[in-house]
Amino acid sequence: MSVTFDEENIEQTYHTLVRDVFEGTVRKVNSHYPDEKSVRFDWERINDFDEKTGRQSIRNPKTVRGKLEAAISAWDDVDIPRSIVRVHNIPEKHHFRVGKQRTTHLGQLVTIEGEVVEMEGVKPFAREAALGCHQCGTLNYVPQSYGKMIEPAECMGCEKSSGPFLFKRERSDLIDYRKIILQRSDTNLDDDPPTLIVYLTQDLVDRVGPGDHVSLVGYYDTGRIQKKSILETFLETWDIESHQEGVLADQLSPDELADRIFEEVEQLQNDDPSSFGADRDTVLDRLVDDGVRRQEAQSALEGLIDEKEVSEVGGDKLMTT
Ligand SMILES: [Zn+2]
């Protein structure tokens, strides 16, 4: 009996958090749903309401997230079947600079501070993959982690494990995904500063840029496929706590940025006289590598083309005029 009572108690805590403590937050998301799905929970307010749930949201964040999302979708006053719960403002003792997090923090919510030094493009990530059996056609739904596709041990339909399984995009659950590399900043370890692989998903993918100093709340975890006993780890970002834009992007005036682009085009032309013009993407990549946002570099380049300082040759080649 006491178990049932406990369970009811837990559920009631989550209902109260959603319908009372965070009522305004949830209702605000509801008025923009489904364009907006992220519901931000301030950890201190969770903890003020119930310390046990506060503790649980750090130590067992996936369970707490699942229960909060379930409580949101169960509330009749709003229509939010699929929310994204983002817990932030977690206590200072769970804040680390890149490389200061430890094994004991795996599986927990942490805040990691560092500088964005590398960014990949945004790609679709199959959070749950629908894999069609090549023998009997049954679709097997397999939750995925970041990296290698996990196939079912055996098909749910014919119980064979022969494969190959065919990926069915339209039946899979796909979200936007971006990998970035975060590096310890303000460090004396100039030669080899610690880095961490960080994943951004859904509405967070466009929120940071190269060179930005960020403080990210996320789930610290190991990859599901490991080749060595020294494990590869990553941070799955749950929320962006704070965010300072890259230094270079702030320092360069529009004129200076235009000059930099002009110089890059000229240099690429001279480096390789056999190629007719400088490659547009290479020019942009070089600026992005230096901490300029791609969008800024792109619009500065458009400006140069409009003013006929740079001309477009063929599809994606540029020449100074
Ligand atoms: Zn099968």
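Not measured: the values here are computed from a predicted model.

(A) Representation of the overall build of the chain in the model. Check the secondary structure of the chain and you find 9 helices and 14 strands. Along the longest, intermediate and shortest principal axes, the C-alpha atoms of the chain span 80 × 55 × 45 Å. When burial is assessed residue by residue, the chain has 27% of its 321 residues classed as buried. Contacts in the chain between residues far apart in sequence, at least 24 positions, make up 65% of those at least 6 positions apart.

(B) Looking closely at the confidence of the model for the chain. On average, residues of the chain score 89 in pLDDT, and 93% of them reach the 70 mark or higher. The low-confidence segment residues 1–5 (pLDDT under 50) makes 0 contacts with residues lying over four places distant or belonging to another chain.

(C) Representation of the pairing of strand 11 (residues 233–244) within the structure. The pairing of strand 9 (residues 195–201) with strand 11 spans 3 bridges and is parallel. Looking at the pairing, valine 198 lines up with leucine 235 of strand 11. The sheet contact formed by strand 10 (residues 213–222) and strand 11 spans 10 bridges and is antiparallel. In the sheet register, histidine 213 faces strand 11, and the bridge partner there is glutamine 244.

(D) Representation of helix 5 (residues 61–74) within the structure. With 14 residues, helix 5 should reach 20 Å at 1.5 Å per residue; the first-to-last C-alpha distance of 20 Å fits that figure. Burial in helix 5 covers these residues: Pro61, Val64, Arg65, Lys67, Leu68, Glu69, Ala71 and Ile72.

(E) Representation of the nonpolar core in the model. One finds Val18, Phe41, Leu68 and Val87 to be the most contacted residues of the largest nonpolar core, which totals 39 residues. Top contributing element to this core by residue count: strand 4 (residues 109–119), with 5 residues. Domain assignment of the residues forming this core places at least three in each of domain 1 (2–89) and domain 2 (94–121 + 176–246). Beyond its immediate stretch of four places on either side in the chain, valine 18 contacts Val26, Leu68, Ala71, Ile72 and Trp75. Listed in part, the 16 residues of the second largest apolar core include Val265, Leu284, Ala300 and Leu318.

(F) Highlighting the sheet that holds strand 13 (residues 310–313). Pairing is antiparallel across the open sheet formed by 3 strands, whose spatial order is 12-14-13. Pairing within the sheet leaves two strands with one partner each, and these edge strands are strand 12 (278–279) and strand 13. Where strand 12 and strand 14 (residues 317–320) come together, 2 bridges link them in antiparallel fashion. Bridge pairing links alanine 278 to leucine 318 in strand 14. Packing against the sheet, helix 7 (residues 254–271) makes contact with strand 12, strand 13 and strand 14, and its axis sits at approximately 100° to strand 14.

(G) The domain arrangement of the chain, seen in detail. Entries for the chain in the domain assignment read domain 1 (2–89), domain 2 (94–121 + 176–246), domain 3 (126–174) and domain 4 (249–320). Each of domain 1 and domain 4 has a C-alpha centre, and the two are 47 Å apart.

(H) Looking closely at helix 9 (residues 294–306). The end-to-end C-alpha distance of helix 9 is 18 Å, a good match for the 18 Å that 13 residues give at a rise of 1.5 Å each. Within helix 9 the residues assigned to the buried category are Ala297, Ala300, Leu301 and Leu304. Looking straight down helix 9, one finds that the buried residues subtend no more than 100° of arc, so they occupy a single side. Exposed residues on helix 9 whose side chains face more than 90 degrees from its buried face are Gln295, Ser299, Glu302 and Asp306. Residues of helix 9 that are buried make contact with helix 7, helix 8 (280–289) and strand 13.

(I) Up close: unusual backbone geometry. Backbone torsion omega between tyrosine 33 and proline 34 reads 0°, so that peptide bond is classified as cis. With respect to the secondary-structure elements, proline 34 resides in the loop between helix 2 (23–32) and strand 1 (38–42). Phi at glutamate 159 takes a positive value of approximately 60°, unusual for a residue other than glycine. When the 12 C-beta atoms within 10 Å are taken as the criterion, glutamate 159 is described as exposed. One non-glycine residue, lysine 308, adopts positive backbone phi at about 60°. Assignment of secondary structure puts lysine 308 in the loop between helix 9 and strand 13. Assessed through the 8 C-beta atoms surrounding it within 10 Å, lysine 308 is described here as exposed.

(J) Examining the packing of helix 7 against helix 8 more closely. Orientation of helix 7 relative to helix 8, taken along the N-to-C sense of each, is 130°, at an axis distance of 10 Å. Taken together, the axis directions place helix 7 and helix 8 in an arrangement best described as oblique. Helix 8 is crossed by helix 7, and the crossing has right-handed handedness. Residues Arg260, Ile261, Glu264, Val265 and Leu268 of helix 7 form the contact with helix 8, whose participating residues are Thr282, Val283, Arg286 and Leu287.

(K) Just the pairing of strand 6 (residues 139–143), in detail. Two strands pair when backbone bridges link them, and strand 5 (residues 123–132) and strand 6 are joined in this way by 5 bridges, in the antiparallel orientation. For alanine 129, the partnering residue across the bridge sits in strand 6 and is valine 142. Hairpin geometry of strand 5 and strand 6 is characterised by an intervening segment of 6 residues between the two adjacent antiparallel strands and by a positive phi of about 85° at glycine 137.

The rules behind the values
- Residues numbered from 1 in each chain as written.
- Predicted model: local features only at pLDDT ≥ 70, side-chain atom pairs only at ≥ 80, totals over all residues.
- Helix = DSSP H or I, 4+ residues; strand = E, 2+ residues; numbered from the N terminus.
- Buried ≥ 20, exposed ≤ 12 C-beta atoms within 10 Å, placed from the backbone.
- Contact = placed C-beta atoms within 7 Å.
- pLDDT = per-residue confidence, 0-100.
- Pairing = 2+ DSSP bridges.
- Expected span 1.5 Å × (residues − 1).
- Core = buried A, V, L, I, M, F, W, Y, C linked by C-beta atoms within 7 Å.
- Domains from an automatic or database assignment.
- Axes fitted to C-alpha atoms, helices over the stretch in contact; angles between N-to-C directions.
- Arc of directions from axis to C-beta.
- Parallel < 35°, antiparallel > 145°, perpendicular 65-115°, else oblique.
- Left-handed = near helix turned anticlockwise from the far one by under 90°.

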